Amino acid sequence: MRKTELHTGWTVRATGGPVPQELAERTVPATVPGTVHTDLLDAGLIPDPYLAENEAALAWFHRTSWRYDTVLRAEPAAPGERVDLVFDGLDTVATIELDGVEIGRTANMHRGYRFDVGHLLTGEDQTLTVRFDAALDYAERLQEQVGERPRPYPHPFNAVRKMACSFGWDWGPDLQTAGIWKPVRLERWQTARLAAVRPLATRTHLTVAVDVERSADVNLVAEIYVGEHGRRRLPLPAASGSGTAEIDLPDAPAWWPAGYGEQTLVPITVKLLHQGDNLDRYDTRVGFRDVRLDETPDEHGSAFTLVVNDQPIFVLGLNWIPEDHLLTRLTRDRLERAVDRAAAANANLLRVWGGGIWESDDFYDVCDERGILVWQDFPLACAAYSEEEPLRTEILAEARENVTRLAPHPSLILWNGGNENIWGHEDWGWKEALGDLTWGARYYYEDFPALLAELDPTRPYHPGSPSSPSSTGAHPNDDRYGTRHEWEAWNREDYTFHDRFVPRFCSEFGWQAPPAWATLTATLDAADLCKDSAAFLLHQKAEDGNGKLDRGLAHHMPVPEDFAGWHWATQLNQARATRHAVLHLRSHAPRTMGSILWQLNDCWPVTSWAVVDGHERLKPAWYALRAAYAPRALGFVVRDGVPVLAVLNDSADVWRGSAGFHVSGFALRSDDVVPVPFEVPARSVRLIPVPPSLLAPADPSRSVLVAETETDTGGVRATHLFAEDFDLAYDPAPAKVAVEAVDGGYEVTVSASSYIRDCALLVDRVAPDATVSDMLVDLLPGESHTFSVTTSATVEPSAFADPLVLRSANSLSGTAR
């Protein structure tokens, strides 16, 4: 096998559509892999679509067609040789030509394509062309052919196999990219090649399935090397196109999720041989672990518990969307940073959401190494999908290719049929709109289970998120079964609405906030820094998003009139909503066994549910999540309308300690502590009633209930207020600040003369590259806390005491005094 990358010499130009006159005749250099957007950005011919109102100004892309060209010089196929032109990914509706001769057509960005071109090669310069038609035009034509089906947004994204959120979402731009978005190459081979290799590792066993494509009917051998565990030979007789090796490895090292053990990865090599000659080779890594999904019926309904190596896992998860809307700009380094931010927040799982892509091998490699579990949706989201041709063949082909590609990765723990499609069919008026049209049920309940039974029986499958076991007849979002998405809290109620339900596994919930201040100022002009400017609203995609933010604030505090105050208040409310929901879910373990927050990341600068914004800055909610997902944590939760202390122990050891309860005044700390000993087994939760004498303070407006204990890594504290912020008598200026310059930044010590709630340093306001160690710290009167600030900038120390930088809940209270 000889492989030659075809990544150089490409150009791109528009060939049709509403192209601006200044671009209509331009031919520009093209980067492959890449897209037209990134090529025109590199050439300085379009503005950055992420800034200001540029997204709207670039809507002409939606109806434009493009042509990529390069010069190919390759010798024709020798006798007995195959020469294949291989595209790992084309976005999306493409026609491939060599010297004007059509080679093939594609309409699916989620799969690769291979064309035999040996008979067309001349050994001289030839023009290789890839033409891209507008995916929107194609989808509209196909929709007319197969029938229009329900979806939440205007563009028929459900009628073309392209990343759904490429057409816009309630957190993402509508850019509709086009281009050769994955590698392209020539492959020359003789006799046979490895068409597919599928290693499936369980705790003590390895199955390696090998498929070959032949140009000669000869006997072959696949040699399989398993790290230090030796070599196995798999004969592939002349009449055979595939074979399977079953290898017992009783001493294989175990792979564990983060927080449960080591992430040992074992290299696997498969060599395809004919009479001793090496024809082809495949390399990967596997981790040896067992995984199953426990859905045992119980008195509440039925469980939904992921079990790894016989250890039930409480999932501390985050939903993952594409890290950049312009996918080809993503590097392994950027993916590492993103996954590391999830790990640093104590998360153990990322759910790859179904409106994005089948994630890359780089993403999975990083998760394998960090021990971050991955839940992979089939890319079908929030819509009804045709079960007829041509979509059916494309959906099943991409599923087969990507299940095979991702099979080796131990981090991949669950296949999920899609996002909110089953729920949508049940609740969103689809049945009336569809009539007799198909909507995707065959995929979720027949095709995907059958495909996985053939290709990957080692992992559990869930028909959709949310869904309940079909045998129960329950509603797909029933909290007694399966998975639940909790969106009433954000859309219509308040984050305390979570207290009304005890889901078995909550795979989506969240709260919005704007991005960091430095991200806003890098994205919008100064005149647009107000919540009702056209540019700001273009970066707020949620239906009535600002209205929901304001109503969410109004449950707890006045809605600030100034934009800077509103920005901080909404970020703080997102953090509180995150903490409240997570503590509620964790406190109900083992009845509840999963929390997957919507969402970790953004794909551009936007107001959204992400805890990390589109410029990779941590929002206050990230710090709230880190604390709420800590292996050992305290938190006040509500039972029967009364606060109780949840002692959460997700460590491998028993947690023995004493919770010290007391009520502190805002101005004077109480030393009247009521100790309550506790013992919490490993991976367990205990609820401790609050001493009744502490539940009715003399002045609720000036009192805070505190519980604290010690852990191996320091003190842990939980606080509970007896009223909402607008009824609390905070001191509006309770902090004194001392700043010391240190290597790499500054140490900022905040001392409290009165109770400070949710103390934070918004250090990106001081320097755009600045980060801070902690946020949302509660300080009782007389206490101090030192924040470590990392920055390359030289900062005037007084800047850290600026009221726009040093923030807390105190100044947001309507009765601050």
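Residues numbered from 1 in each chain as written. Predicted model: local features only at pLDDT ≥ 70, side-chain atom pairs only at ≥ 80, totals over all residues. Heavy atoms only, no water.

**Digging into the pattern of salt bridges**
- Applying the stated criterion across every chain yields a total of 68 salt bridges.
- For the salt bridge of aspartate 84 with arginine 82, the shortest nitrogen-to-oxygen distance reads 2.9 Å. For the pair shown, aspartate 84 and arginine 82 are each scored as buried.
- Here arginine 400 makes a salt bridge to glutamate 454, at a shortest N to O gap of 2.9 Å. Highlighted residues: arginine 400 in helix α7 (residues 391–406) and glutamate 454 in helix α10 (residues 441–455), separated in sequence by 54 residues.
- Look at the salt bridges and you will find they share partners, linking Arg82, Asp84, Asp88, Arg114, Asp116, Arg185, Glu187, Arg193 and Glu213 into a network. (Salt bridge = Lys/Arg side-chain N within 4 Å of Asp/Glu carboxyl O. Buried < 20%, exposed > 50% of the residue type's maximum accessible area, 1.4 Å probe, protein only. Helix = DSSP H or I, 4+ residues; strand = E, 2+ residues; numbered from the N terminus.)

**As for unusual backbone geometry**
- A cis amide bond links valine 32 with the next residue in sequence, proline 33, at an omega value of 0 degrees.
- Each neighbour pair has its own omega, and for glutamate 389 with proline 390 the value is 5 degrees, a cis peptide bond.
- Looking at the element boundaries, proline 390 is found in the loop between β27 (373–377) and α7.
- Look at glutamate 420: it is not a glycine, yet its phi comes out positive at around 60 degrees.
- Checked against the element boundaries, glutamate 420 lands in the loop between β28 (412–416) and α8 (421–427).

**Considerations on helix α14 (residues 545–554)**
- Here α14 lies mainly inside the structure; seven of its ten residues are buried.
- For α14, the set of buried residues is Gly545, Asn546, Gly547, Lys548, Leu549, Gly552 and Leu553.
- Lining the buried residues of α14 we find α11 (488–491), α13 (534–538) and α15 (563–587). (Contact = heavy atoms within 4.5 Å.)

**Observations concerning the packing of α14 against α15**
- In contact at an axis separation of 10 Å, α14 and α15 are set at 75 degrees when each is read in the N-to-C sense. Taken as axis vectors, α14 and α15 run roughly perpendicular relative to one another. Contacts between α14 and α15 pair Asn546, Leu549, Asp550, Gly552 and Leu553 from the former with Trp566, Ala569, Thr570 and Asn573 from the latter.
- Grouping the constituent residues of the contact of α14 with α15 by class yields four nonpolar, four polar and one charged. (Axes fitted to C-alpha atoms, helices over the stretch in contact; angles between N-to-C directions. Parallel < 35°, antiparallel > 145°, perpendicular 65-115°, else oblique. Nonpolar A, V, L, I, M, F, W, Y, C, P; charged D, E, K, R; others polar.)

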